[in-house]
Amino acid sequence: MSSSTTVRTFRRRTLRVAAAALTAAAALTLTACSDSDAAGTKPPGQSDTGVSAESGGTGSSPKAQGSDAPPSAPAKADTEAGAAGKQSGKQSGKQSGSGHAAEGGKAASTVRTQRLADGISTAEITKLGDQHYRAKIVARGSVLATLETKGHDDGLDANDMFVTLTLDGQVHSWMGGGHQGPGTFKLAGGWTAKVTKVGELKYRAQIIGHDGVAATLETNGHDVGLNANGIYIVLSSGGVISAHA
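Reading guide: rules and limits
- Residues numbered from 1 in each chain as written.
- Predicted model: local features only at pLDDT ≥ 70, side-chain atom pairs only at ≥ 80, totals over all residues.
- Heavy atoms only, no water.
- Helix = DSSP H or I, 4+ residues; strand = E, 2+ residues; numbered from the N terminus.
- Contact = heavy atoms within 4.5 Å.
- Areas by Shrake-Rupley, 256 points an atom, 1.4 Å probe, with all protein chains shown as cover.
- Polar contact = N/O pair within 3.5 Å; in protein donor to acceptor, adjacent residues only side chain to side chain.
- Pairing = 2+ DSSP bridges.
- Axes fitted to C-alpha atoms, helices over the stretch in contact; angles between N-to-C directions.
- Salt bridge = Lys/Arg side-chain N within 4 Å of Asp/Glu carboxyl O.
- Buried < 20%, exposed > 50% of the residue type's maximum accessible area, 1.4 Å probe, protein only.
- Core = buried A, V, L, I, M, F, W, Y, C linked by side-chain atoms within 4.5 Å.
- Phe/Tyr/Trp six-rings, centres within 6.5 Å; stacked < 30°, edge-to-face > 60°.

Q: Got a minute to help me understand the overall build of the protein chain in this structure?
A: What the protein chain contains, in helices and strands, is three helices and 15 strands. Taking all contacts inside the protein chain whose residues are at least 6 apart in sequence as the whole, residues at least 24 apart take part in 31%. Here the protein chain has roughly 15,900 Å² of accessible surface; of this, 54% comes from carbon and sulfur atoms.

Right, dumping it as structure tokens:
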């Protein structure tokens, strides 16, 4: 083969390669134009930022946008409001029921007011239940002490004025006549009291009659009292005992 023939063959191949390259470039251009047209069909107002917000981006949450709220949201709110109303009604019913129960129960009521032995103080006696009474000792508008029976009598030494409250709500008071224990003392009605100290502000008094020990009083930081067959006895937390018929 001559040199001229070789040159012509090389040129033909070069032209074919160039034509193929031009064809591929044209195809790529058409594809790019098609993609661009497809992208241009995106509806107006829908931005990439909005899409990011819906997918958890830093934009506003879809739930915070009223226009994006699902149609069932108001119904859910109404349901929750109804449930809250029912719950409120239940609570109100419970409170109302409690009030009726309290009103229907045995309410505390003041039985009477009684003047005491010092001529100044009064006892405001309230019945709380069967053999359950409370007496507030009041002087010049102030409550000085409170006595209460709970299965037993109660008593008080109020500055040498002794007061007892019995299981049937009776108040008895007198002035003086106290004995400082420990010791053994003769009391009104033929009783004898043997007072012993058993601890700090804690005294015990054995009330002894013809047949031996009839009752025992014991303080535990507070005064105590007793009705011994119509003889009223008080033992104070300081060990003072007094009795009166």
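Q: Explanation requested: the environment of Asp-157 in the structure shown.
A: Tracing the backbone shows Asp-157 in strand E5 (residues 154-158). Taking the C-alpha atoms as reference, Asp-157 lies 8.9 Å from Ser-242; in sequence the two are 85 residues apart. The contacts of Asp-157, once residues within four sequence positions are left out, are Phe-162, Asp-223, Val-234, Ser-236 and Val-240. For Asp-157, the side chain forms a polar contact with the main-chain nitrogen of Asp-160, separated by 3.1 Å.

Q: Would you mind showing me how to read unusual backbone geometry here?
A: Note: most residues except glycine have negative phi, and most peptide bonds are trans. With omega at 5 degrees, the peptide bond leading from Gly-181 into Pro-182 counts as cis. Looking at the secondary structure, you find Pro-182 in the loop between strand E8 (179-180) and strand E9 (183-186). A positive phi is found at Gln-131, a non-glycine position, where the angle reads about 55 degrees. Locating Gln-131 in the fold gives a position in the loop between strand E2 (122-129) and strand E3 (132-139). In this structure, Asn-159 takes a positive phi of about 55 degrees despite not being glycine. Its place among the elements puts Asn-159 in the loop between E5 and strand E6 (161-165).

Q: Explain the sheet that holds E5 to me, please; I cannot follow it from the model alone.
A: Backbone-to-backbone hydrogen bonds pair the strands of a sheet. The strands run either parallel or antiparallel. What the three strands build is an open sheet, ordered E5-E6-E7; its pairing is antiparallel. Bordering the open sheet on either side are E5 and strand E7 (171-175), each of which pairs with just one other strand. When the angles between neighbouring strand axes are averaged without regard to direction, this sheet yields 15 degrees.

Q: Quick question: what am I supposed to make of the sheet that holds strand E4 (residues 142-148) here?
A: Read from one edge of the open sheet, four strands run E1-E2-E3-E4, paired in antiparallel fashion. Looking along the sheet, the strands with just one partner apiece sit at the ends: strand E1 (109-115) and E4. The mean angle between the axes of side-by-side strands here comes to 25 degrees, regardless of whether they run parallel or antiparallel. Pairing of E3 with E4, which is carried by six bridges, proceeds in the antiparallel orientation. Counterpart to Arg-134 in the pairing with E4 is Glu-148.

Q: What is the right way to look at the pattern of salt bridges in this model?
A: Between side chains of opposite charge, a pair can form when the charged atoms approach closely. The tally for this structure, following the rule as stated, stands at four salt bridges. Between Lys-202 and Glu-218 there is a salt bridge, with its nearest N and O atoms 3.7 Å apart. In this pair, Lys-202 is assigned in strand E11 (residues 202-209) and Glu-218 in strand E12 (residues 212-218), connecting sequence segments 16 residues apart. Given the relative accessible area of 33%, Glu-218 is considered partly exposed. Among the salt bridges present, the one from Arg-204 reaches Glu-218, with a minimum N-O distance of 2.8 Å. Taken together, the positions of Arg-204 in strand E11 and Glu-218 in strand E12 put the pair 14 residues apart, joining distant regions of the chain. Residue class for Arg-204 comes out partly exposed when judged on its relative accessible area of 30%. Connected through salt bridges with shared partners, the residues Arg-134, Glu-148 and Lys-150 form a single ionic network.

Q: I'm lost on the side chain of Glu-148 in this one. Help?
A: For Glu-148, the location among the structural elements is in strand E4. Among the polar contacts listed, one links the side chain of Glu-148 to the side chain of Arg-134, at a separation of 3.3 Å. With residues near it in sequence (within four places) discarded, Glu-148 still touches Leu-128, His-132, Tyr-133, Arg-134, Asp-154 and Leu-165.

Q: Where do I start with the nonpolar core in this structure?
A: If you look at the biggest cluster of nonpolar residues, it comprises 17 residues, and the most contacted ones within it are Leu-187, Ile-207, Ile-233, Leu-235 and Ile-241. Of all the elements in the fold, those that place two or more residues in this core are strand E10 (192-199), E11, strand E13 (224-228), strand E14 (231-235) and strand E15 (240-244).

Q: Help me understand the packing of aromatic side chains, please; the structure alone is not making it clear to me.
A: According to the stated counting rule, one finds one aromatic pair in the structure shown. Look at Phe-162 and Trp-174: their rings are 5.8 Å apart centre to centre, the planes differ by 20 degrees, and that puts the pair in the stacked class. Taken together, the residues span a long stretch of sequence, with Phe-162 in strand E6 and Trp-174 in strand E7 at a distance of 12 residues. A single burial state applies to Phe-162 and to Trp-174, both of which are buried.

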